[in-house]
Amino acid sequence: MADAGVNIAKVNYEMDEQSNQVLIPTQKNALEEIEFQVSQVIGRLEEVAVGRGRRTPPPPSVELPKRSQNEILQHIQDLLHNYEEENIESPLTPEIRISMISHAIMVYASCLERTHIQEVSARLTSDTSRWLANIFRMPVHGVCYHDDQMEGTVRLARALLHVKYPRFAEEGYEVLKSKPPVIYTSLAAPLSIIQHICKQLSLPLHCVRGIPTMTLFGSQQKMDVAALERQIEEDKTAGRLPLLVLADAGTPIAGHVDNLTRLQEICKNNDVWLHLRGHTLAALAMVSATDSPANIADSLTLPLAYWLCVPGLPSVTLYNLNCQVGSSMGLLESPGKRLIVLPVWCVLQEFGKEGIQTRMQQMFESTELLWRRLVKYPCLRLLSQPPGGEGGAITLADLISKPVNINLLMDVVASTVVFQFIPEGCVDKVPTYYDKLNSWLGQILQRDAAQVPLELCELESSGVVLRYCPFEVGTIITQADVEAFINCLDQQLEILSATVVHKETFQQLVQSSEQLRLVELPGWAGLGGVRYIPQGWDDILLTDQAKEELNRLNLHLVEKLRVTDAAFSAGEGVDGLACVRFGMVTADTDVAELLNLFQSVGQKEEESWKFIDTMAEVVIKGIEAATLDLQKESEDKLWQDGILRQVPVFGSLVNWWSPLTKDGGAGIKGRSLDLTAGVVASTENIYRYHMQGSAAGVKEPPQVVTPVAGHSRASSNASQLSNTTVTNPVSP
């Protein structure tokens, strides 16, 4: 393989003494210059990854600025650093580095003459095709490179249309009216794939047949090949043309492999193209090269960017040249002006055949390792394809060391591990509450056991599941990673089981309480939501103000309870009202004690709120009584002093002629509100005897005492601590 590689020589660079920067030699060739510049950029980006070279990026501007290369790179560096939450190790492996350099060379090559690029592209394509054929054991074949993973299937379908309809190039879609083409796919596959193909080919959706999955026996994720055969016969009878079957060697979520042996027979008998996709196809790279070629399909899609963990690497579609599509292979080739094959050519040599085989083997070993630990839990249901086949008798070591049938190989390796927490004896889709539990479990494991990267998915037939797929995350777990993951999983499963057991008791206790109400909380996996309802509020229609008070009461309860236990939190029910959420619990949790605590705190708060309401009512009524007393006293004093004294100018003459007595000249007395006694009294004694009373020890009773209606001395002992005084200043 080395003879087809590019020999990038070591370059000695000089330093500019004034600028202290590296000078690029002018005598070196263009590829060395590109390699040097890309390496410089990579070095600057690596500084960002480890937290060095950080600056605040400039603010966005409406005008297009003119910047130097160094300023542009610094701007990119600052923007990338803002997305880093913490300092991490550089993710740039040698394979990613060579891929980045090859992309830069692709841009450079686009400036060369077209004929020269075509010659280089032909050489690179020839080398890469031979390597891929040898690694993935494909017979006489062609190779299609494409950036979008689904683009290879689109090109295949377009080429098949030209083969099946000879006048398609001249008449276009008019030739499809008399005999419409049909594409078959499993209902377990994402609908977006078919929609994309139909959109790119301008085909109506009725040209697609969704084949159901098996229900009577076997995996519910595999295509029902008997239903496929019946559908093909029906379409042929109805005058349609079966064109393409899209099968899975590893379904998108659960990783199951369709019955490849039967699919090959059906497609061969009905002259239908069979295309395979899925991560299990990576197993073809593990087996020995001395084995026979893998004639498992007419074409395969290989997402090398995922499998080799090299972002930006194009996907590859291998197709059989012995089939009819070979005459339309021009529709599958990439334009020669662009060296799209160059990154693949470089990365394959960086790995080497043994490196690729080792990586694929490690990925399958990691799924087998995790599977064999999870299968021991009776509360977990594993939904992905089991490694080792039925009974797990075949190991990866057997597959690598011994010749094996390719169809059998596809059935005994597992590209993903999918599992979920289930109730005892569950065989169908789990209840809705268990979807919440599995969602909670996945989030906790993602946080506390991140060494095994999981994602949350949803299967129509099973519900929410947890999925580990090393072919997508690029992480190969070790034995130590699995042990740490299992330790964390043990703790969380104990919590899940305890929560399920206590939840029934929790609901019964809440329903038996007069002041507690269960609240429906979508998406909450804990014991549930509870709302405290003050006594008598159930029988009234809550106004907006009452709802606000109820929300305020329950939120205040959360603050009180969180001082005791952080498991309490505030929530909101489907009715929009606040409630108290009870979270996950352990086996030794006393649910009755938690609810009693909640109810007792609620009752205390309710009593406190009643006292506040009573005091507010007493103060309001006291103010009203004092106002009436002051108004009456003012009127009495007016009549007592005489109206003439109130007349301007003339009143002064009357006061001079007949002065008021000392007692009669006193102004209107103020009023004090005694919250303890619930009366409004005159402030005369306060002003007259307050200072002398402490010395003489004697106080006369107030001259005016008015009881406040509705006051209760027994409302709260706290009322003895408060007095309110309402006064009116003495008139001069």
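What counts as what
- Residues numbered from 1 in each chain as written.
- Predicted model: local features only at pLDDT ≥ 70, side-chain atom pairs only at ≥ 80, totals over all residues.
- Heavy atoms only, no water.
- Core = buried A, V, L, I, M, F, W, Y, C linked by side-chain atoms within 4.5 Å.
- Buried < 20%, exposed > 50% of the residue type's maximum accessible area, 1.4 Å probe, protein only.
- Helix = DSSP H or I, 4+ residues; strand = E, 2+ residues; numbered from the N terminus.
- Contact = heavy atoms within 4.5 Å.
- Phe/Tyr/Trp six-rings, centres within 6.5 Å; stacked < 30°, edge-to-face > 60°.
- Arc of directions from axis to C-beta.
- Pairing = 2+ DSSP bridges.
- Axes fitted to C-alpha atoms, helices over the stretch in contact; angles between N-to-C directions.
- Right-handed = clockwise from strand over helix to strand, strands pointing away.
- Salt bridge = Lys/Arg side-chain N within 4 Å of Asp/Glu carboxyl O.
- Parallel < 35°, antiparallel > 145°, perpendicular 65-115°, else oblique.
- Left-handed = near helix turned anticlockwise from the far one by under 90°.
- Nonpolar A, V, L, I, M, F, W, Y, C, P; charged D, E, K, R; others polar.

1. Here we look at the nonpolar core
Here is step 1 of the chain: Core analysis: the largest hydrophobic core is formed by 77 residues, its most contacted members being Phe136, Leu281, Leu304, Leu308 and Leu409.
Here is step 2 of the chain: With eleven residues, the top contributor of residues to this core is helix H11 (residues 342-374).
Here is step 3 of the chain: Counting residues in each nonpolar core, the second largest holds 35 residues, with Cys379, Ile422, Ile444 and Tyr468 among its members.

2. Observations regarding unusual backbone geometry
Here is step 1 of the chain: Although it is not a glycine, serine 202 adopts a positive phi angle of roughly 60 degrees.
Here is step 2 of the chain: Counting through the fold element by element, serine 202 comes out in the loop between helix H7 (191-201) and strand E5 (208-211).
Here is step 3 of the chain: You can call serine 202 exposed: its relative accessible area is 52%.
Here is step 4 of the chain: Positioned with a positive phi, cysteine 309 is a non-glycine residue whose angle comes to about 55 degrees.
Here is step 5 of the chain: The partly exposed category is assigned to cysteine 309, whose relative accessible area is 31%.

3. Comments concerning the side chain of histidine 275
Here is step 1 of the chain: Structurally, the position occupied by histidine 275 is in strand E7 (residues 273-277).
Here is step 2 of the chain: The buried category is assigned to histidine 275, whose relative accessible area is 1%.
Here is step 3 of the chain: Residues within four places of histidine 275 in sequence aside, it is in contact with Thr153, Leu156, Leu244, Val245, Leu246, Ala247, Ser299, Leu300, Thr301 and Thr317.

4. Some points on the packing of aromatic side chains
Here is step 1 of the chain: Under the definition given, this model contains eleven aromatic pairs.
Here is step 2 of the chain: Pairing phenylalanine 582 with phenylalanine 598 gives two aromatic rings, centres 5.8 Å apart and planes at 80 degrees, and the pair type is edge-to-face. Taken together, the residues span a long stretch of sequence, with phenylalanine 582 in strand E17 (residues 578-582) and phenylalanine 598 in helix H18 (residues 591-641) at a distance of 16 residues.
Here is step 3 of the chain: Judged by its relative accessible area of 3%, phenylalanine 582 is buried.
Here is step 4 of the chain: On the accessibility criterion, phenylalanine 598 (0% relative accessible area) is buried.
Here is step 5 of the chain: Connected via pairs of aromatic rings, a cluster forms that spans Phe506, Tyr532, Phe568, Phe582 and Phe598.

5. Re helix H9 (residues 260-269)
Here is step 1 of the chain: Looking at H9, one finds that the buried residues are Leu260, Leu263, Ile266 and Cys267. Seen from one end, H9 has its buried residues packed into an arc of 125 degrees, which puts them on one side. Turned more than 90 degrees off the buried face of H9, the exposed positions are Lys268 and Asn269.
Here is step 2 of the chain: The inward-facing, buried residues of H9 contact helix H8 (225-237), strand E6 (241-248), E7 and helix H13 (406-412).
Here is step 3 of the chain: Remark: aspartate 271 follows H9 within two positions and exhibits a positive phi of approximately 55 degrees.

6. Some thoughts on the sheet that holds E5
For sheets, the rule is that strands pair by backbone hydrogen bonds, running either parallel or antiparallel.
Here is step 1 of the chain: As summarised here, the arrangement of the seven strands in space is E3-E9-E8-E7-E6-E4-E5, forming an open sheet in which the pairing is mixed. Either end of the sheet is taken by a strand with one partner, and the two such strands are strand E3 (141-146) and E5. With direction set aside, neighbouring strand axes in the sheet form an average angle of 20 degrees.
Here is step 2 of the chain: Sheet topology note: the strand E4 (residues 181-186)/E5 ladder contains four bridges and is parallel. Considered in E5, the bridge of serine 186 is made with isoleucine 211.
Here is step 3 of the chain: Helix H4 (residues 114-136) rests against E3, strand E8 (299-302) and strand E9 (315-320) of the sheet, and its axis sits at about 110 degrees to E3.

7. Some points on the side chain of arginine 277
Here is step 1 of the chain: Take arginine 277: it is sitting in strand E7.
Here is step 2 of the chain: Not counting residues up to four positions away in its chain, the partners in contact with arginine 277 are Thr185, Ala189, Ile193, Leu246, Ala247, Asp248, Ala249 and Gly250.

8. Section: the pairing of E4
Here is step 1 of the chain: Taking burial as the measure, the six residues of E4 include six buried ones, the bulk of the element.
Here is step 2 of the chain: Direction of pairing for E4 relative to E6: parallel, over a ladder of five bridges. Bridge pairing in E6 links isoleucine 183 to leucine 244.
Here is step 3 of the chain: For the crossover that starts at E4, traverses H7 and ends in the parallel E5, the hand is right-handed.

9. With respect to the environment of glutamine 195
Here is step 1 of the chain: Examined against the element boundaries, glutamine 195 turns out to sit in helix H7.
Here is step 2 of the chain: Put simply, glutamine 195 and leucine 205 are ten residues apart on the chain and 7.3 Å apart in space, counted from C-alpha to C-alpha.

10. Remarks on the pattern of salt bridges
Here is step 1 of the chain: Taken as a whole, this structure holds 18 salt bridges when the rule is applied.
Here is step 2 of the chain: For the salt bridge of arginine 123 with aspartate 127, the shortest nitrogen-to-oxygen distance reads 3.0 Å. Remark: aspartate 127 and arginine 123 occur in helix H4; sequence separation between them is four residues, near one turn of the helix.
Here is step 3 of the chain: Classification of aspartate 127 as buried rests on a relative accessible area of 2%.
Here is step 4 of the chain: Where lysine 177 meets glutamate 174, a salt bridge forms, and the shortest distance between an N and an O atom there is 3.1 Å.
Here is step 5 of the chain: It is possible to trace a salt-bridge network through shared partners that takes in Arg123, Asp127 and Arg130.

11. Points about the packing of helix H14 (residues 432-448) against helix H16 (residues 479-512)
Here is step 1 of the chain: Interaxial distance between H14 and H16 falls to 10 Å at its minimum, and their mutual angle equals 150 degrees. It follows that H14 is roughly antiparallel to H16 by the angle criterion. When you trace H14 past H16, the crossing you get is right-handed. Residue-level inspection shows Tyr433, Tyr434, Leu437, Trp440, Leu441, Ile444, Leu445 and Asp448 of H14 in contact with H16, the latter providing Phe485, Cys488, Leu489, Gln492, Leu493, Ile495, Leu496, Thr499, Val500 and Lys503.
Here is step 2 of the chain: Split by residue class, the contact of H14 with H16 holds 14 nonpolar, two polar and two charged.

12. Section: the pairing of E3
Here is step 1 of the chain: Taken across its six residues, E3 has six buried, putting it largely inside the fold.
Here is step 2 of the chain: What you see with E3 is no split at all: His141, Val143 and Tyr145 on one side and Gly142, Cys144 and His146 on the other are buried throughout.
Here is step 3 of the chain: The pairing of E3 with E9 spans six bridges and is antiparallel. Looking at E9, one finds that histidine 141 is bridged to asparagine 320.

13. Examining the sheet that holds E17
Here is step 1 of the chain: Here we have four strands laid out as an open sheet, ordered E14-E15-E17-E16, and antiparallel in their pairing. Only two strands of the sheet have a single partner each, and these edge strands are strand E14 (516-519) and strand E16 (568-572). Strand-to-strand, the axes of this sheet are offset by a mean angle of 40 degrees, without reference to chain direction.
Here is step 2 of the chain: Examined bridge by bridge, E16 and E17 share five bridges and lie antiparallel to one another. Note that in E17 the partner of glutamate 572 across the bridge is alanine 578.

Function-wise, these values are silent; they only describe arrangement.
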